[in-house]
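What follows is the residue order along each chain.
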Amino acid sequence: MQTAFSEKTYKNFINNEWIESESEQTIKSINPANKEEIVGYVQNSTNTDLENAVQAADKAKNAWRKLGQAARGQLLFKVANIIEENLNDIAETLTREMGKTLPEAKGETARGVAILRYYAGEGMRKDGDVIPSSDKDALMFTKRTPLGVVGVITPWNFPVAIPIWKIAPALVYGNTVVFKPATEAAVTAAKIVDCFAKAGLPEGVVNFITGSGSVIGQALIDHPLLNAITFTGSEGVGEGVAKSAAARGIKFQLEMGGKNPVIVTKDADLDAAVEAVISGGFRSTGQKCTASSRVIVETAVYDAFKEKLIQETEKITVGDGLKEGIWMGPCASESQFTTVRKYIEQGLEEGASLLYGGEPLTGGEFDKGFYVAPTIFENVKPDMAIAQEEIFGPVIALLKAADLEEAIKLANDTKYGLSASIFTSNIGSLLEFIDEIDAGLVRINAESAGVELQAPFGGMKASSTGSREQGEAAKEFFTTIKTVFIKG
Ligand code: NDP
């Protein structure tokens, strides 16, 4: 029998009203730790619903722009407070819906609050520069101006933090928003939007619509009233987003996959490196774009590192992330579970050897969810699928390198370039790594998966379109510049 919580149906939010889709159909969201539990139902929206959402955002954009940056910032402070008041409920929903452990979900929600406060503060910061004119009687300055209606399309792995790190800067810099979350985590997204709704934003400033990415997501990007699109998700979908946006000449920003390396040099602190690899590789069940998925170890310390890594991996407790003492939850969905298993099989077929894990976990509560063991491969060749493709699961590939030069070459040998980390105590090695590595996030003696909200975030190569999110860098995407010249 369903609980009251499970029966809840979440609506679209358009023009400050929670409304059902004209399709009269919903999509169910289930708990990956217990597939019998329905977390909620979201609207299976149509292009007509999408049209209403974009029209609402377009109608609201001038008044929102004219409200002024400081007033917009004040509203974001209110949203932050409301999310903070509801933190436990939001975090629990997040864990039920995508499976990460409750402490991780709480951490992500608290991060969402901090991001909102950061951008609320932006409301009181400068929005341009004075530039000396060659005419001594003139005043010349730049002024940031919003883009208009911004589409926000997000993945399921950080269903609180990613939407907020896009929506908060979009709003404070004066844009209105149409937000289409990942279907897998749309109930959590609805709870976040509810906090925006309760803060009393003007009608049409934030619009929320759920449903199939290939239907309403695509229609959003193709809509003539959309002025920009910010997307985080897979490389395949991102390519299509880029083509559609470029064809219409609108601004677009893509953050996509990663195949993040960790280099361990012969002089590294091996205990610290092991701790970081476990955290970066297996937290959130490896479903982070910045997860550590390739560990490249200098031959001189390979055996010692490997032994310690296995010892620590054995301590990982897997189970329902709502339960105390559980360190790693299930894969977020059946399709993710299938993908992870497919890569493990491919790794074996291509000749890699399993050092640890590799099997789905079964028996007892495991039978109810999508569980795989933390998995470590060795004897991995650089051209194998498990060394090249993003798995998005708890799978680590160990590779050997004779020296730092070979390690960096291996680290750069993928199409991705999001995050990269090195463990070393040699200043020359770390300086060389900083210079030579192809990655947007370069981490020294720290795990690959750490991100600070006040610093630019984004990748190189196929991981990104090269623009940066978060911190002050977000202003570059969400605004354009007017250069003003006033003759006295
Ligand atoms: P997807 O690309 O499958 O989906 C992302 C979003 O795009 C979802 O909202 C999805 O909707 C929507 N979508 C799907 N098809 C289309 C389409 N044709 N047009 C427009 N929108 C569409 O990614 P996942 O949700 O599976 O997320 C995992 C991916 O996200 C990984 O590759 C990961 O690396 C990446 N990621 C990157 C980050 C970064 O900052 N670099 C951070 C976090 C994740 P629907 O759910 O309805 O299909």
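Residues numbered from 1 in each chain as written. Predicted model: local features only at pLDDT ≥ 70, side-chain atom pairs only at ≥ 80, totals over all residues. Heavy atoms only, no water.

*Asks:* I'm lost on helix α5 (residues 161–172) in this one. Help?
*Replies:* Residues three or four positions apart in an α-helix share a direction because the helix packs 3.6 residues into each turn. If you check α5, its first and last C-alpha atoms are 16 Å apart, about what 12 residues at 1.5 Å a residue would give, namely 16 Å. α5 sits mainly inside the fold: 12 of its 12 residues count as buried. Within α5, the full set of buried residues consists of Ala161, Ile162, Pro163, Ile164, Trp165, Lys166, Ile167, Ala168, Pro169, Ala170, Leu171 and Val172. Where α5 terminates, the next one or two residues include Gly174, which has phi positive at roughly 100°. (Helix = DSSP H or I, 4+ residues; strand = E, 2+ residues; numbered from the N terminus. Expected span 1.5 Å × (residues − 1). Buried < 20%, exposed > 50% of the residue type's maximum accessible area, 1.4 Å probe, protein only.)

*Asks:* I keep staring at the site of the ligand and nothing clicks. Help me out?
*Replies:* Taken together, 30 residues surround the ligand, and among them Thr183, Ser234, Met256, Cys289 and Glu390 come closest. At 3.0 Å, a side-chain N or O of Trp156 approaches an oxygen atom of the ligand. At 3.0 Å, a backbone N or O of Gly213 approaches an oxygen atom of the ligand. Contact with the protein chains removes 86% of the 910 Å² of surface that the ligand exposes when unbound. Most atoms of the ligand, that is more than half of them, are within 2 Å of grid points of the largest pocket. (Near = heavy atom within 4 Å. Polar contact = N/O pair within 3.5 Å; in protein donor to acceptor, adjacent residues only side chain to side chain. Areas by Shrake-Rupley, 256 points an atom, 1.4 Å probe, with all protein chains shown as cover. 1 Å grid on protein atoms, 1.4 Å probe; cavity = no way out; pocket = protein on both sides within 12 Å on 5 of 7 lines; lining within 4 Å. Sits in = over half its atoms within 2 Å of the grid points.)

*Asks:* Sorry if this is basic, but what is going on with the packing of helix α2 (residues 69–85) against helix α6 (residues 186–198) here?
*Replies:* Two quantities define a packed helix pair, namely the angle between the helix axes and the distance between the axes. α6 packs onto α2 with a crossing angle of 130° between their chain directions and a minimal axis gap of 8 Å. The orientation of α2 with respect to α6, classified from their angle, is oblique. Seen along the crossing, α2 lies across α6 with a hand that is right-handed. Seen from α2, the contacting residues are Leu76, Val79, Ile82 and Ile83; seen from α6, they are Ile192, Cys195, Phe196 and Lys198. (Axes fitted to C-alpha atoms, helices over the stretch in contact; angles between N-to-C directions. Parallel < 35°, antiparallel > 145°, perpendicular 65-115°, else oblique. Left-handed = near helix turned anticlockwise from the far one by under 90°. Contact = heavy atoms within 4.5 Å.)

*Asks:* Hey, could you run me through the sheet that holds strand β4 (residues 26–31) in this one?
*Replies:* The strands making up a sheet are joined through hydrogen bonds of the backbone, oriented either antiparallel or parallel. One open sheet accounts for 3 strands, arranged β1-β5-β4; its pairing is mixed. The open sheet has two free edges, formed respectively by β1 (9–10) and β4, since each of these has just one partner strand. As paired elements, β1 and strand β5 (residues 34–43) share 2 bridges and run parallel to each other. Counted as the bridge partner of Tyr10 is Val42 from β5. Running over the sheet, helix α3 (residues 87–98) touches β4 and β5 and is turned about 90° from β4. (Pairing = 2+ DSSP bridges.)

*Asks:* Sorry if this is basic, but what is going on with the layout of surface pockets here?
*Replies:* Take a probe with the size of a water molecule and roll it over the atoms, and the empty space left behind shows itself. The computed volume of the largest pocket comes to approximately 720 Å³. What lines the largest pocket is a set of 33 residues, among which Pro155, Phe231, Gly233, Ser234 and Val237 lie closest to the centre. When contributions to the lining of the largest pocket are tallied by element, the ones reaching two or more residues are α7 (213–222), β10 (228–232), α8 (235–248) and α11 (334–349). When grouped by side-chain class, the residues that make up the lining of the largest pocket number 12 nonpolar, 17 polar and 4 charged. Reported here for the second largest pocket is a volume of approximately 380 Å³. Of all the elements in the fold, those that place two or more residues in the lining of the second largest pocket are α4 (102–122) and α5. Element by element, the count of residues in the lining of the second largest pocket is highest for α4, at 4 residues. Here the lining of the second largest pocket is built from residues that sort into 7 nonpolar, 5 polar and 7 charged. (Points joined across faces, edges and corners; volume = space filled by probe spheres on them. Nonpolar A, V, L, I, M, F, W, Y, C, P; charged D, E, K, R; others polar.)

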